[in-house]
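Each chain, written out:
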Amino acid sequence: MFEAAFKYTRVFCTIAASITLIACSNSDSNDTFTPQPEYLPVINPTVSLPPEVGSIVLLTQNFDLGSVGYQQAEYFLEGTASAFTNVGELTTDGAWTAEPAEQAAYKTRIVVYSPIDPADFNGIVQMEWLNVTAGFETPPSWGTGHLEMRRGGSVWVGVSAQLIGIEGSPRGLLPLNLKAVDPVRYGSLIHPGDTFSFDIFSQIAQAIRKPIGIDPLGGLSAEYLIAYGESQSAGRLVTYVNAIHPLYNTFDGYMIHSRGDASALLAQDPQVRISTPESPLVRADLNVPVMTFETETDVVFLGFVSSRQTDTDKIRTWEVAGTAHGDYYTFVSGRDDNVGAPVFASVIEESSVLGFITCEKPLNNGPHHYHFNAAVRALNAWVTTGELPVTSPRLEVNDDNSDYLYDELGNALGGMRSPYVDAPSAVLRGEPNSGGSFCRLFGTTALFSAEQMASLYVDEAGYVDAVTKATNDALAAGFLLQEDADAIITWAPEQWRSQTGGS
């Protein structure tokens, strides 16, 4: 396993005439052949503090972290990173062999959210590869799962791993890259290109796990390090897991959040381009857990259906009904979710993302965040205790994988279930929306009319009963957490009243 990174040693017992025989580790054999992994060393970057001008640039939550027992800090990290080249063919099974290639200097930054009280830290660091699709950095996995990350006491680290986050892109949605927003604070950052991003990510993990000099965790000890990446960052994690992890054994687990059918190039311009195959799997010989979390948008529209693979004791895939790749909670309402109040269980129709993206139909406002909270907790347990997450039913698709099979109300069949699709107040889909930039990823919400609600549930009591039963079923199946189930049930009467205009 991981033949490029493993060496095998044969341990011999020797007998010296003047000393006693020293026993081998296997008492039944005098010649024991034991495979031992020997990983390449990861370079420790130099860690420094940013200039004492400006403030941290990253679009995350609206509330004060201090009000929920957290604090933020920013660090600069610099060193020399390697590119990688393949050894042999990169095959669709994901069992890739790579080796370090040319090197280049870099200087980047990380943002750290940590518990103020060290006693609240659970020993887990969630390290997110910041997404740069918009032409600037966003933290969508934090945006979706920050409530559970904080409830558990994890440290979250957002990593500026890619060039665009620092330098921007002419195709960017807004000029919010670091050097554009604050050229004085971030002017010293340099990025040699995304070919080197994999090693930059590894080196930052090393600085967190085994700090030298300035400690990015401020004295907290990282017992477990889990890598997160959503959308394009998920594609980069697929390549990282298949090609880079076997060399360094950097992380204790991975959350591949909303990938499509592709993975990132192993190398790209201006280096010689090294493409990866279409629809690669996650390699099956991993030594750490990998969870893949998929919405409706991801499976059909983004093509993950062609990369589906069987669950193992190291690989789990969750496919969630009624969800979209990007949704109202992740980009809008969740920015205010400090304590998990029941109002965040509401389903409303809203077509705008913070006023700068407007879609023709209301964005998906489904249960993405609640299922993702469950995934965060399940992956934490899997990494720390070995407890396997529950298995997820697959979303049901038609014969040519071009669409889902739907129930009589219009919601998708199969996948992880919730009251949002089993006792629904709306049709919630991951289908492409239309309108402004990125709307194709935001899915749709279509609330039922008062007449439809009455025909389905008769009255408020009937609706609340249906939501309660469907929520408890999802809770029992391991698809929801108790705290979130309580919020959903508590909100049910308000949802009924908001759609029917009465009690």
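Every chain is numbered independently, its residues counted from 1 as its sequence is written. Since the coordinates come from a predicted model, pLDDT governs what is reported: local features require at least 70, and pairs of side-chain atoms require 80 or more to be given and counted, while whole-chain, interface and lining totals use all residues. No hydrogens and no water enter the side-chain calculation; it runs on all heavy atoms of the structure.

Draft legend 1. View of the pairing of strand E5 (residues 98–115). When strand E4 (residues 70–86) meets E5, the two strands line up antiparallel, connected through 16 bridges. Note on E5: the bridge partner recorded for Ser 82 is Gln 103. Bridging between E5 and strand E7 (residues 155–159) involves four bridges; their strand directions are antiparallel. Bridge assignment links Val 111 to a residue of E7, and that residue is Gly 158. Any two strands between which DSSP finds at least two bridges are classified as paired. Numbering of helices and strands runs from the N terminus, with a helix taken as a DSSP run of H or I at least four residues long and a strand as a DSSP run of E at least two residues long.

Draft legend 2. Summary view of the environment of Ser 67. By the element assignment, Ser 67 lies in the loop between strand E3 (46–48) and E4. Between the C-alpha atoms of Ser 67 and Asp 261, which are 194 residues apart in sequence, the distance is 40 Å. Contacts described as polar in this section are N or O atom pairs within 3.5 Å, which, within protein, must combine one atom able to donate a hydrogen with one able to accept it, while residues neighboring in sequence count only if both atoms come from side chains. Side-chain polar atoms of Ser 67 contact the backbone oxygen of Asp 64, separated by 2.6 Å.

Draft legend 3. Looking closely at helix H6 (residues 232–248). Any helix carries an expected span of 1.5 Å times its number of residues minus one. In this model, H6 (17 residues) spans 22 Å end to end at C-alpha, consistent with the 24 Å of a helix rising 1.5 Å per residue. What is called the bend at a residue is the angle between a pair of axes, fitted to the seven residues leading up to and ending at it and to the seven starting from it. A maximum bend of about 45 degrees is found in H6 at Val 241. Most of H6 sits inside the fold, with 16 of its 17 residues counted as buried. Immediately downstream of H6, the backbone of Asn 249 shows phi near 55 degrees, a positive value. Partly exposed describes any residue whose relative accessible area lies between the buried limit of under 20% and the exposed limit of over 50%, with all areas from a 1.4 Å probe on protein chains only and scaled to the type maximum.

Draft legend 4. Inspection of the sheet that holds strand E8 (residues 224–230) at higher detail. Spatial ordering of the open sheet is given by E3-E4-E5-E7-E6-E8-E9-E10-E11, a layout of nine strands whose pairing is mixed. The open sheet is flanked by E3 and strand E11 (315–319), the only strands paired with a single partner. Averaged over all neighbouring strand pairs, the angle between strand axes comes to 20 degrees, with direction disregarded. Relative to E4, E3 runs antiparallel, the two being bridged by three bridges. From the neighbouring strand, Thr 46 faces E4, where its bridge partner is Glu 78. Only heavy atoms enter the contact rule, under which two residues are in contact if any of them lie within 4.5 Å. The axes used here are C-alpha line fits, helices contributing only the stretch in contact, and every angle between their N-to-C directions lies in the interval 0 to 180 degrees. The sheet strands contacting helix H5 (residues 197–209) are E3, E4, E5, strand E6 (124–129), E7 and E8, and the helix crosses E4 at an angle near 135 degrees. In the packing of H6 onto the sheet, contacts are made with E4, E5, E6, E8, strand E9 (253–257) and strand E10 (290–294), and the angle to E9 comes to roughly 155 degrees.

Draft legend 5. Seen up close, the side chain of Arg 236. Within the secondary structure, Arg 236 is located in helix H6. The charge count includes Lys and Arg as positive and Asp and Glu as negative, but it does not include His or the ends of the chains. Whenever Lys or Arg places a side-chain nitrogen within 4 Å of a carboxyl oxygen from Asp or Glu, that contact is recorded as a salt bridge. It is Asp 194 that comes nearest to the buried, bridge-free Arg 236 among opposite-charge side chains, at 4.5 Å. What Arg 236 contacts, discounting residues up to four positions off in sequence, is Trp 129, Gln 162, Asp 194, Ser 197, Phe 198, Ala 264, Leu 265 and Gln 268.

Draft legend 6. Representation of the confidence of the model for the chain within the structure. The score called pLDDT rates the predictor's confidence residue by residue, from a low of 0 to a high of 100. Of all residues in the chain, 93% have pLDDT values of 70 or greater, and the mean over the chain is 93. Within the model, pLDDT remains below 50 along residues 1–31, and this stretch shows 47 contacts once partners closer than five positions in the same chain are excluded.

Draft legend 7. Geometry of H5. In this model H5 runs 18 Å from its N-terminal to its C-terminal C-alpha over 13 residues, within 8% of the 18 Å that 1.5 Å per residue would give. For H5, the tally of buried residues reaches 12 of 13 residues, placing the bulk of the element in the interior. For H5, the complete set of buried residues consists of Ser 197, Phe 198, Asp 199, Ile 200, Phe 201, Ser 202, Gln 203, Ile 204, Ala 205, Gln 206, Ala 207 and Ile 208.

Draft legend 8. Structural detail: empty space enclosed by the protein. Method remark: on a 1 Å grid restricted to protein atoms, a set of points is classed as a cavity if a 1.4 Å probe fits but cannot get out and as a pocket if it is open with protein on both sides within 12 Å along at least five of seven lines; lining residues have an atom within 4 Å of a point. Grid points are joined across faces, edges and corners, and a volume is the space filled by probe spheres set on the points. Summed over the entire model, instances satisfying the criterion amount to three cavities of 30 Å³ or more. The space that makes up the largest cavity amounts to roughly 470 Å³. What lines the largest cavity is a set of 29 residues, and nearest its centre among them are Ala 134, Thr 138, Pro 140, Thr 330 and Phe 331. Secondary-structure elements contributing two or more residues to the lining of the largest cavity are helix H1 (140–152) and helix H8 (328–331).

Draft legend 9. View of the nonpolar core. Note on terminology: a nonpolar core comprises buried Ala, Val, Leu, Ile, Met, Phe, Trp, Tyr and Cys residues joined through side-chain atoms within 4.5 Å. The biggest cluster of nonpolar side chains holds 56 residues, and the ones touching the most others in it are Val 125, Met 127, Val 157, Phe 201, Ile 208, Phe 251 and Tyr 254. Among the elements of the structure, E4, E5, E6, E7, H5, E8, H6 and E9 are those that each provide at least two residues to this core. No other element matches the nine residues that H6 contributes to this core. Counting residues in hydrophobic clusters, the runner-up holds 54 residues, among them Leu 58, Trp 318, Ala 378 and Tyr 463.

Draft legend 10. Seen up close, the packing of aromatic side chains. Paired rings are identified among Phe, Tyr and Trp, the last through its six-membered ring, by centres lying within 6.5 Å, and are further divided according to the angle between planes into stacked (under 30 degrees), edge-to-face (over 60) and tilted (the rest). What the rule picks out here adds up to 20 aromatic pairs. Residues Tyr 228 and Phe 372 carry aromatic rings whose centres are separated by 6.3 Å and whose planes lie at 80 degrees to one another, so their mutual orientation is edge-to-face. With Tyr 228 in strand E8 and Phe 372 in helix H9 (residues 368–385), this residue pair connects regions lying 144 residues apart in the sequence. In terms of burial, Tyr 228 and Phe 372 fall into one category: buried. With 5.2 Å between their ring centres and 85 degrees between their planes, Phe 293 and Phe 372 make a pair best called edge-to-face. Of this pair, Phe 293 sits in strand E10 while Phe 372 sits in helix H9, and the two are 79 residues apart along the sequence.

Draft legend 11. Local environment of the packing of H9 against helix H13 (residues 482–500). At a minimum axis separation of 10 Å, H9 and H13 run at an interaxial angle of 165 degrees. Comparing the axis directions of H9 and H13 gives the class roughly antiparallel. Relative to H13, H9 is oriented so that their crossing is left-handed. Touching Tyr 370, Asn 373 and Arg 377 of H9 are Glu 483, Asp 484, Ala 487 and Ile 488, all from H13. Note on angle classes: values under 35 degrees are labelled roughly parallel, values over 145 roughly antiparallel, values of 65 to 115 roughly perpendicular, and the remainder oblique. Crossing chirality is assigned from the near helix's rotation relative to the far helix, an anticlockwise turn below a right angle marking it left-handed and a clockwise turn marking it right-handed.

Draft legend 12. Representation of the environment of Phe 136. By the secondary structure assignment, Phe 136 is in the loop between E6 and H1. Looking at Phe 136, the relative accessible area reads 3%, which means it is buried. Once the C-alpha coordinates of Phe 136 and Asp 473 are considered, the two residues, 337 residues apart in sequence, prove to be 40 Å apart. When residues no more than four places from it in sequence are discounted, the contact partners of Phe 136 are Leu 59, Asn 131, Ile 164, Leu 173, Leu 174, Leu 176 and Asn 177.

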